[in-house]
Amino acid sequence: MTLLYYDPTFLEHETGKHPERPERLVQVVRQLERTGLDAQCVRPAWEAASVEQLSCVHEPGYAAEVEAFARHGGGRIEEDTLCSPRSYEVARLAAGAVCDAVRRVVRGDDTQALCLVRPPGHHALRSAAMGFCLFNNVAVAARTAVAQLGLDRVLIVDFDVHHGNGTQAIFWDDPQVGFFSIHRWPFYPGTGDSDETGTGAALGTTLNLPVEFGTARADYLAQFQGGLERIAAKMRPDLILISAGFDAHRDDPVGSLGLEIEDFAALTNLVLDVADVHSGGRVVSALEGGYNTGILAGSVAAHLGEMLVRNRRSRAAV
Ligand code: ZN
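One structure accompanies this document, and this report is about it. Keep in mind it's a predicted model, so treat the numbers as computed, not measured.

**Looking at the coordination of the zinc ion**
By definition of the ideal shapes, a tetrahedral metal site with four donors has angles of 109.5 degrees and an octahedral site with six donors has angles of 90 or 180 degrees. In the first shell of the zinc ion, the protein supplies Asp160 (OD), Asp160 (OD), His162 (ND1) and Asp247 (OD), at 2.0 to 2.7 Å from the metal. Its 4 donor atoms give the zinc ion angles of 53 to 154° at the centre, a pattern that matches the irregular case. Ordering the donors of the zinc ion by residue number gives the pattern D-x1-H-x84-D. Of this pair, Asp160 sits in the loop between strand 5 (154-158) and helix 6 (165-170) while Asp247 is found in the loop between strand 8 (239-244) and helix 8 (261-278), placing the two residues 87 residues apart along the sequence. Note on Asp160: relative accessible area 1%, which makes it buried.

Have a look at this one:
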């Protein structure tokens, strides 16, 4: 059974009328209950990421800065990103969820996990909050996988409509962690052109697919598949992490790249195919964006539904 991470504590990162608001997860959880998908998953208990754990990607002192900012009441920690008094603890719990999922999947408790966390993480830089993100959840988990759990190679697949600039920057010169992103272009945050491919020993371990608004859905999916298969063949990852943003949906108020809910099922299947070939089916997915709450709920349900079907099928084959 797929591991499912969610805790009501994630609702305590209060952001008022900001698009990245608690209601997103309320709707997602309701949908998973309604469809019975949550009952098909295992719900592990886990610990918040420690400051030491966060420091495997974030600069020493950055976590303390976020803590102090939240403790003094919060507010706008940067142009687009809000903090409430509880945000520091909530963000550590989010990063801790993805790390725990990676630990359990590497240990073999299960092959798949979905982490329904907030705040999201893929814009968070080493020493700065950015784009609704405080700590880079997926990056902390990927670094944990290679530095502490002994994996040789990890691939991060990011299909959020925005480029995961924080994740790219963190692993820019790290040959053990590949980064593959498909995103709207030109668009926020302005990075992610196709000539950004990493440096030094990590040259070629970053692959960006910028996609213009108006691109046909079939074309988008074909580009995603081609890019994913290319980077996976190069990285031969032991584990795949997904930065699962659903804001490329055509009705998303922040992003939009013309996708429909069924396209997220297709993206999920393409990642699962590559995971079957290279990483023994091991996939840990973490929620990033998606701001039309009803659409987000349907998209996450489609994403998890495909993971569950694949999990059942591979168990039946054993
Ligand atoms: Zn996004």
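Still more to cover.
**A closer look at the pairing of strand 7 (residues 206-211)**
Within strand 7, 5 of the 6 residues are buried, which leaves the element mostly enclosed by the surrounding structure. Taken together, the 6 bridges between strand 6 (residues 177-184) and strand 7 define a ladder with parallel strand orientation. Residue pairing for strand 7: His183 is matched across the bridge by Pro210.

**Points about helix 1 (residues 23-34)**
For helix 1, with 12 residues, the first-to-last C-alpha span of 16 Å sits near the 16 Å given by 1.5 Å per residue. Those residues of helix 1 not exposed but buried are Arg24, Leu25, Gln27, Val28, Val29, Gln31 and Leu32. As for helix 1, its buried residues are in contact with strand 1 (3-5), strand 9 (283-287) and helix 9 (293-317). Backbone geometry just downstream of helix 1 places Gly36 in the positive-phi region, at approximately 75°.

**Digging into the packing of helix 4 (residues 87-107) against helix 5 (residues 137-147)**
As a packed pair, helix 4 and helix 5 sit with axes 8 Å apart at the nearest point and diverge in direction by 35°. When the axes of helix 4 and helix 5 are compared, the crossing they make is right-handed. Across from Ala91, Ala94, Ala95, Val98, Cys99, Val102 and Arg103 in helix 4, the residues of helix 5 making contact are Asn137, Val138, Val140, Ala141, Thr144 and Ala145. Here the residues of the contact of helix 4 with helix 5 are counted per class, giving 10 nonpolar, 2 polar and 1 charged.

**Details of the pairing of strand 8**
Counting buried positions over the 6 residues of strand 8 gives 6, a clear majority of the element. Residue alternation in strand 8 divides its side chains into two sets, Leu239, Leu241 and Ser243 and Ile240, Ile242 and Ala244, and both sets are buried. Examined bridge by bridge, strand 5 and strand 8 share 5 bridges and lie parallel to one another. Within strand 8, the residue paired with Val154 across the bridge is Leu239. Here strand 8 runs beside strand 9; their pairing, made up of 5 bridges, is parallel. Following the sheet pairing, Ser243 is matched in strand 9 by Ala286. The β-α-β motif built from strand 8, the intervening helix 8 and the parallel element strand 9 has right-handed crossover chirality.

**So, the packing of aromatic side chains**
This model, assessed by the stated rule, comprises 11 aromatic pairs. With a centroid separation of 6.2 Å and an interplanar angle of 35°, the aromatic rings of Phe159 and Phe264 are classed as tilted. With a gap of 105 residues between them, Phe159 in the loop between strand 5 and helix 6 and Phe264 in helix 8 connect regions that are remote in the sequence. The buried category is assigned to Phe159, whose relative accessible area is 0%. Among the aromatic residues, ring-to-ring pairing joins Phe159, Phe180, Phe224, Phe246 and Phe264 into one connected group.

**Some thoughts on the sheet that holds strand 8**
Spatially, the 7 strands line up as an open sheet ordered 1-4-9-8-5-6-7, and their pairing is parallel. What marks the edges here is a single partner per strand, and that holds for strand 1 and strand 7. Strand-to-strand twist of the sheet, defined as the mean angle between neighbouring strand axes without regard to direction, takes the value 10°. Running at roughly 175° to strand 8, helix 5 makes contact with strand 5, strand 6, strand 8 and strand 9 of the sheet.

**Section: the environment of Arg34**
Secondary-structure assignment places Arg34 in helix 1. With relative accessibility at 59%, the residue Arg34 sits in the exposed group. On a C-alpha basis, the gap between Arg34 and Gly245 in space is 22 Å, while along the polypeptide they are 211 residues apart. Reaching out from Arg34, the side chain makes a polar contact with the side chain of Gln31 at a distance of 2.7 Å.

**Description of the pattern of salt bridges**
Side chains that differ in sign of charge can pair as their charged atoms come close. Following the criterion strictly, the structure yields 16 salt bridges and no others. The residue Arg118 makes a salt bridge to Glu20 at a minimum N-O spacing of 2.7 Å. Of this pair, Arg118 sits in the loop between strand 4 (112-115) and helix 5 while Glu20 sits in the loop between strand 1 and helix 1, and the two are 98 residues apart along the sequence. Taken as a pair, Arg118 and Glu20 share a single burial class, namely buried. Note that Arg103 is salt-bridged to Asp100, the shortest N-O span being 4.0 Å. Within this pair, Arg103 and its partner Asp100 are both found in helix 4, separated by 3 residues, close to a single helical turn. What emerges from the salt-bridge pattern is a single network uniting Asp100, Arg103, Arg104, Arg107 and Asp109.

Reading the values: rules and limits
Residues numbered from 1 in each chain as written. Predicted model: local features only at pLDDT ≥ 70, side-chain atom pairs only at ≥ 80, totals over all residues. Heavy atoms only, no water. Donors = N, O, S within 2.8 Å, 3.2 Å for Na, K, Ca; no water. Tetrahedral: all angles 85-135°; square planar, octahedral: opposite > 155°, others 65-115°. Helix = DSSP H or I, 4+ residues; strand = E, 2+ residues; numbered from the N terminus. Buried < 20%, exposed > 50% of the residue type's maximum accessible area, 1.4 Å probe, protein only. Pairing = 2+ DSSP bridges. Expected span 1.5 Å × (residues − 1). Contact = heavy atoms within 4.5 Å. Axes fitted to C-alpha atoms, helices over the stretch in contact; angles between N-to-C directions. Left-handed = near helix turned anticlockwise from the far one by under 90°. Nonpolar A, V, L, I, M, F, W, Y, C, P; charged D, E, K, R; others polar. Right-handed = clockwise from strand over helix to strand, strands pointing away. Phe/Tyr/Trp six-rings, centres within 6.5 Å; stacked < 30°, edge-to-face > 60°. Polar contact = N/O pair within 3.5 Å; in protein donor to acceptor, adjacent residues only side chain to side chain. Salt bridge = Lys/Arg side-chain N within 4 Å of Asp/Glu carboxyl O.

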